[in-house]
Amino acid sequence: MPVRIRRSFRAPGSLAAFLFLAPFLAFYGAFLVVPLLLGAWMSLHRWELLGDLRAYCGSGNYLRMLRDPLFRSSLVHSAQFTLMAVPTITAVALFLALVMNRPHRLYAALRSIFFASGALSVTAVTLIWLMVLNPSRGLFARFMAALGFAPVDLLADPRLAMPALVVTTLWWGIGFPMVLFLAGLQQIPRELYEAAKLDHASPWTTFRRITLPSLRRTILLVLVVEVILQFQVFGQVLLMTRGGPANRTRVLVQYIYETSFRDWQVGYAASMSMLLLLVMSVASFVQLRLSRPGD
Amino acid sequence: MRRAARLPAALAFALVLLVACVVVLDRRARTRPASGPRTEITLLRMFGSCSDEYTGVTDLSRAVGECGVIQVLTNAFNAENDQGISVRTQTIEWSAYYDRLSAMYAAGNPPDVAVMHRSVLPDFVARDLVLPLARDLEDAGVDFGDYVDPARQAVTIRGEVYALPFDFHALLWHVNLDLMAKAGLVDARGAARLPSSPEELFAHAAQMKRRTGKHYLAIPSQTDPMPTWTLETWIWQQGGDVLSPDGRSARLSTPQAITALSLLNALYREGHADRGLDYARAEQAFLSGEAAVLINGTWVVERYDAQANSGAAALRHYGVYTVPTLFSRRAAWADSHIWVLPRHGHPDPRKHRAAVAFLRYLHDHGLNWAKTGHLPVRSSVLASEAFQALPHRADYEGTARIARALPPIQNQRAIQDVIVEEINATWHLGRTPAEGLEEAQSRVDEILKRAAR
């Protein structure tokens with residue numbers, strides 16, 4: 001009776017497995033699945049954070065999104081930020097990883113230093129950068145003055161505020177992609193480089209023909225992860241520019257936050273969050289597809 | 001098979017034990033304070049955090065600034081009251097205050113007492129989130145007849161009183177009298193000569209620049225609301241209005257508003273003020289003697305006075321005045337701090353009585369709060385010798401009579417943000433004042449339409 005034996009082993013085993021999974025599933029359900037469903041439900045209502053307004057409005061909130069110029073502009077600003085931040089972060093992280101992928105103790109120390117800023121909270125990071133960018137006394141103003149230029153208030157300039165936020169984010173978030181690249185670099189077989197050396201390949205050729213192709217999967221992973229991360233930019237913007245100057249840096253998550261906590265319209269905010277979820281899902285789907293083995 | 005089943009059973013048993021412990025401990029934690037003699041109430045406020053600096057201090061004469069005064073008042077109440085009430089303070093930074101208060105409400109855990117601005121009260125009243133207070137306060141011995149009319153209006157919505165008024169805080173002109181003297185802009189008594197028309201304002205500003213090389217004005221700008229409050233002041237001074245009297249539509253695309261914004265922008269354009277300054281840098285410019293006049297509120301008077309007297313700042317002779325009337329009418333933007341009792345799902349009568357007792361204590365100590373620079377709201381305090389003896393008050397107590405605010409409509413925070421953004425747009429995006437104000441008009445109209453009920 002082979003079937004019976006298998007079953008009798010499986011039943012208690014799966015119970016044990018379920019019990020081990022239960023704490024995670026409970027948290028996952030309570031803090032992810034339920035809020036997600038509740039958010040979707042709220043997005044179909046005129047629903048206020050305080051008070052008892054809960055009026056079903058069907059697709060009303062979604063239609064309002066289409067007509068809302070502030071929603072459009074904040075979506076555009078989030079996209080702009082992502083487009084500026086993701087390639088920059090990826091390129092700089094790759095560069096740093098290449099430079100620091102060496103066994104010396106100095107590089108180990110440098111790796112830790114570059115990774116360390118990522119451990120700071122957004123509040124600390126923005127405090128530091130507000131000081132650096134302070135147009136009267138900041139490091140940047142002194143640097144400009146030393147070069148003979150008049151100090152520029154980057155955060156008050158409608159064209160430069162967004163790049164300043166990107167630089168802040170770069171400084172903050174460079175550690176994680178750098179570590180991913182370092183891990184990727186360690187996995188490239190040494191022999192390939194030795195062979196290239198024997199063939200007298202130039203460093204540039206070696207990089208282009210060996211390093212880059214071997215890192216293809218890591219680069220894609222970093223790109224996708226960063227898109228997901230940077231599209232949700234919020235803290236830096238709220239603390240450094242509050243969406244200004246002249247609304248030029250108001251991003252989607254900030255608008256969602258203001259809509260729910262300043263204006264108490266959580267129904268509308270939930271519908272915008274659903275759209276954000278859609279963007280994230282597409283990015284995650286792309287990542288899943290790309291990271292399939294054998295691809 | 002038996003062995004395999006033992007582990008999950010043990011785990012499940014451990015889980016049950018853990019839950020049981022939590023339930024028992026939670027119940028004990030809940031029941032303990034109710035059986036004790038003390039009543040603890042929570043107080044949510046802004047004004048900064050200084051509880052370490054004032055630990056154990058109950059001597060009101062030692063308190064400086066908004067934070068110091070309210071902290072010492074709370075300490076003193078905790079020490080003095082004979083009803084076993086202890087007030088536990090939670091401080092939230094100003095810019096995040098209402099977001100946090102809203103979140104606490106949404107979580108079903110609002111504080112027992114909270115400070116608020118009159119400008120946000122309508123949002124909370126419309127949703128029945130704060131308790132009507134007239135009866136309770138009268139029973140506690142608060143005489144509402146002593147409050148000046150504008151203060152009573154500030155907390156009365158549809159005939160019902162929802163808060164205890166605490167102050168008026170209005171725009172003022174803070175003045176560096178040394179720079180004014182150097183520019184020849186003081187009278188025989190040494191008081192600042194302030195302009196009485198836009199033309200005179202520009203003449204004074206030009207004179208300041210010529211004789212001292214300094215800016216006439218420092219205005220916290222960028223995304224700060226100070227230019228918005230100045231704009232509203234100048235609209236009212238021309239007899240215009242920001243909103244229609246019933247609060248149903250905006251009045252921003254008007255000749256008065258365009259004149260006001262053009263005046264403000266001309267001051268920046270002609271180099272009499274620097275719109276690159278935020279709040280901290282504008283304050284710095286004034287205290288370090290780089291600007292003669294700072295536009296800021298009542299909340300800093302005591303602090304600037306102390307700075308000037310300490311000799312540590314470049315500012316040595318400090319004066320502070322009611323906002324000058326540049327047009328035909330007198331008006332100055334103002335708001336009020338008010339105290340409310342949030343409505344709880346399960347009201348606790350003991351906590352409610354304790355909260356009312358605390359409000360009564362604050363009512364009795366209006367003069368202490370007025371020390372910060374804020375204008376008192378009780379006629380008896382305004383007329384008291386102690387108030388008149390406070391420094392500079394004679395130069396700006398008239399502000400109490402010309403203080404103006406928006407009508408009690410909802411969403412005033414959103415409206416203010418829109419005006420800030422549209423003023424910003426005239427600076428950065430090349431919009432004319434007329435275009436910016438037209439945009440502000442239509443956006444504010446949209447906000448006014450969505451008032452809940």
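Chains are numbered independently. Their residues run from 1 in the order of the written sequence. Throughout, the order in which chains and ligands are written sets their labels, letters from A for the former and numbers from 1 for the latter. Whole-chain, interface and lining totals are the exception, using all residues; otherwise, since this is a predicted model, local features are given only for residues with pLDDT of at least 70 and side-chain atom pairs are given and counted only at 80 or more.

Before going further, it helps to examine the packing of helix 13 (residues 252–262) of chain A against helix 14 (residues 266–290) of chain A. Residues and elements named next belong to chain A. Between the N-to-C directions of two axes lies an angle of 0 to 180 degrees, each axis being a line fitted to C-alpha atoms and, for a helix, fitted only over the stretch in contact. Per the convention used, a helix needs a DSSP run of H or I reaching at least four residues, while a strand needs a run of E reaching at least two, with both numbered from the N terminus. Between helix 13 and helix 14, the least distance of the axes is 8 Å, while the angle of their chain directions is 160°. Classed by the angle they form, the pair helix 13 and helix 14 counts as roughly antiparallel. The handedness of the crossing between helix 13 and helix 14 comes out as left-handed. Across the interface between the two elements, Leu252, Tyr255, Ile256, Thr259 and Ser260 of helix 13 pack against Val266, Tyr268, Ala269, Met272, Ser273 and Leu276 of helix 14. Within the contact of helix 13 with helix 14, the residues separate by chemical class into 8 nonpolar, 3 polar and no charged. Roughly parallel refers to an angle under 35 degrees, roughly antiparallel to one over 145, roughly perpendicular to one between 65 and 115, and oblique to any angle outside these ranges. A crossing counts as left-handed when the near helix is turned anticlockwise from the far one by less than a right angle, and as right-handed when that turn is clockwise. Two residues qualify as a contact pair if the distance between their C-beta atoms, derived from the backbone, is within 7 Å. Each residue gets one of three labels, nonpolar for Ala, Val, Leu, Ile, Met, Phe, Trp, Tyr, Cys and Pro, charged for Asp, Glu, Lys and Arg, and polar for the others, Gly among them.

Now for the interface of chain A and chain B. Tallying the contact residues gives 25 residues for chain A and 28 residues for chain B. Residue contributions to the side of chain A that touches chain B peak at 6 residues, all from helix 1 (residues 2–42) of chain A. Here the side of chain A that touches chain B is composed, by residue class, of 14 nonpolar, 6 polar and 5 charged.

Right, let's get into the domain arrangement of chain B. Residues and elements named next belong to chain B. The assigned domain composition of chain B is domain 1 (39–168 + 336–393) and domain 2 (171–334 + 410–449). Domain delimitation in this document rests on an assignment produced automatically or drawn from a domain database. Relative placement of domain 1 and domain 2: their C-alpha centres are 29 Å apart. Mapped onto the side of domain 1 that touches domain 2, the elements with two or more residues apiece are helix 2 (65–80) and helix 4 (121–126). Ranked by residue count, the leading element in the side of domain 1 that touches domain 2 is helix 4, at 3 residues. Here the residues of the side of domain 1 that touches domain 2 are counted per class, giving 8 nonpolar, 6 polar and 3 charged.

What follows is about the sheet that holds strand 12 (residues 337–340) of chain B. Residues and elements named next belong to chain B. Should DSSP find at least two bridges between two strands, the strands are regarded as paired. Spatial ordering of the open sheet is given by 2-1-3-12-6, a layout of 5 strands whose pairing is mixed. Each edge of the open sheet is held by one strand with a lone partner, namely strand 2 (85–91) and strand 6 (164–165). Where strand 3 (residues 113–117) lies against strand 12, 4 bridges are found, and the strand directions are antiparallel. Bridging from a neighbouring strand, Met116 pairs with Ile338 of strand 12. Contacting strand 1 (39–45) and strand 2, helix 2 crosses the sheet at an angle of about 160° to strand 2.

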